[in-house]
Amino acid sequence: MSTQKIKRVLITGGAGFLGSHLCDRYINEGYEVICMDNLITGNADNIAHLIGNDGFSFIKHDVTNYIHVNGELDLILHFASPASPIDYLEMPIQTLKVGSLGTHKALGLAKEKDARFLLASTSEVYGDPLTHPQSEDYWGNVNPIGDRGVYDEAKRFAEAMAMAYHRYHGVETRIVRIFNTYGSRMRINDGRALPTFMRQALNGNSLTVFGDGSQTRSFTYVDDLVEGIYRLSQSEYTDPVNIGNPQEVSILDFAKEIIELTGSDSEITFEELPSDDPQVRQPDISRAKEVLDWEPRYDRKEGLRKTLDYFKKAVNGDKVTE
Ligand code: UDP
């Protein structure tokens with residue numbers, strides 16, 4: 001009789017928005033999940049439903065310090081980082097440290113445990129892009145000394161570090177470039193467009209569109225993102241892969257969509273555009289299609305409808321367990 005070995009995955013940032021959805025997915029895939037988070041922007045409520053599950057454990061730890069995990073590891077998903085513009089304005093040094101020192105520690109652990117390592121990178125590596133849509137071959141247009149530079153450059157450094165561990169130490173690395181993603185467990189006060197617009201619309205307040213709202217983004221529903229990440233973690237592909245929904249929208253039209261979705265009578269007001277705010281952003285997903293056979297299944301309207309209930313509860317201050 002053969003017993004199949006249970007795989008163990010460490011998810012840094014596992015109590016955050018994306019990290020907690022990944023905890024759920026890898027538990028469902030039969031992995032033992034070790035969730036690590038310092039709970040600065042992560043929230044224990046996001047993983048409360050997993051506590052008590054035999055295959056799940058939580059370690060409170062800041063990954064910029066030496067990481068110790070008992071036993072074997074097959075996979076490390078490195079998702080620890082502040083991830084919204086107001087978070088990295090408030091925590092510029094932690095943001096730089098987690099992307100650099102934290103990635104170094106997590107890669108060192110991967111080498112030590114002979115584990116595969118998957119880096120959560122970002123469309124921000126493209127900065128304010130000069131090509132459109134953005135394919136993985138584009139090197140980006142980032143202002144290193146701007147407000148967003150602390151996040152963008154930390155993630156660019158993290159990619160360089162992952163590739164160095166891959167080339168020099170032979171660590172199996174994977175890099176996902178994540179485009180704007182939404183879904184349950186987003187913090188309603190994280191300052192990003194979607195949670196902010198939802199909160200404002202549901203409370204009947206004006207929606208604050210920055211600039212003239214002509215800048216574009218392409219929003220991905222969290223289940224689609226998680227599917228792409230899972231496939232990448234199982235694939236043999238080492239170069240970066242964009243995961244995002246190419247359905248592009250201007251921020252002004254997006255604000256109007258949220259007003260319509262929520263049935264709100266809120267107005268729109270215009271505020272100053274933050275510095276270095278990218279004018280356009282849209283993933284070229286040819287590579288994800290080719291190497292992962294992945295494409296998004298939810299269009300924005302459907303994904304937003306699925307997310308509305310979560311925001312209604314969150315805005316009411318109800319305990320949200322989904
Ligand atoms: N934005 C906005 N109003 C807000 C928050 C954001 O108009 O209350 C704009 C922001 O300037 C940017 C876009 O919405 O152009 C997306 O911002 P978000 O912070 O969600 O993501 P990112 O800029 O990192 O793509």
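Each remark here, short or long, concerns the structure printed above.
All figures in this text were calculated on a predicted structure; none of them were measured in a lab.

Draft legend 1. Structural view of the sheet that holds strand β4 (residues 75-78). The parallel open sheet is built from seven strands, whose spatial order is β3-β2-β1-β4-β5-β6-β11. The sheet terminates laterally at β3 (56-60) and β11 (241-243), the two strands that pair on one side only. When the angles between neighbouring strand axes are averaged without regard to direction, this sheet yields 20 degrees. Pairing geometry for strand β2 (residues 32-37) and β3, over five bridges, is parallel. Residue pairing across strands places V33 opposite F56, the latter belonging to β3.

Draft legend 2. Spotlight on the site of the ligand. If you check the shell around the ligand, you find 18 residues, and the closest are T208, F210, R217, D277 and R281. N180 is positioned with one of its side-chain polar atoms (N or O) 2.9 Å from an oxygen atom of the ligand. Its free accessible area being 520 Å², the ligand has 95% of it covered by the protein chains. Mapped by element, the contributors of at least two residues to the shell around the ligand are α5 (193-202) and β8 (207-210). Considered class by class, the residues forming the shell around the ligand number seven nonpolar, five polar and six charged.

Draft legend 3. Molecular detail of the pattern of salt bridges. For the coordinates displayed, the defined rule picks out 23 salt bridges. Here K313 ties to D309 by a salt bridge, and the two come within 3.7 Å at their closest N and O atoms. Note that K313 and D309 are positioned in helix α9 (residues 300-316) at a spacing of four residues, about one turn of the helix. Bridged by salt links that share partners, the residues E124, R148, R217, D277 and R281 form one connected network.

Draft legend 4. Looking closely at the nonpolar core. Ranked by size, the top nonpolar core spans 58 residues in total, and within it Y26, V33, L77, F79 and I229 carry the most contacts. Setting aside residues no more than four positions away along its own chain, L77 makes contact with V9, L10, I11, T12, L22, Y26 and L118. Counting 24 residues, the second largest nonpolar core, distinct from the first, contains V69, L109, M163 and V171.

What counts and what doesn't
- Residues numbered from 1 in each chain as written.
- Predicted model: local features only at pLDDT ≥ 70, side-chain atom pairs only at ≥ 80, totals over all residues.
- Heavy atoms only, no water.
- Pairing = 2+ DSSP bridges.
- Helix = DSSP H or I, 4+ residues; strand = E, 2+ residues; numbered from the N terminus.
- Axes fitted to C-alpha atoms, helices over the stretch in contact; angles between N-to-C directions.
- Near = heavy atom within 4 Å.
- Polar contact = N/O pair within 3.5 Å; in protein donor to acceptor, adjacent residues only side chain to side chain.
- Areas by Shrake-Rupley, 256 points an atom, 1.4 Å probe, with all protein chains shown as cover.
- Nonpolar A, V, L, I, M, F, W, Y, C, P; charged D, E, K, R; others polar.
- Salt bridge = Lys/Arg side-chain N within 4 Å of Asp/Glu carboxyl O.
- Core = buried A, V, L, I, M, F, W, Y, C linked by side-chain atoms within 4.5 Å.
- Buried < 20%, exposed > 50% of the residue type's maximum accessible area, 1.4 Å probe, protein only.
- Contact = heavy atoms within 4.5 Å.

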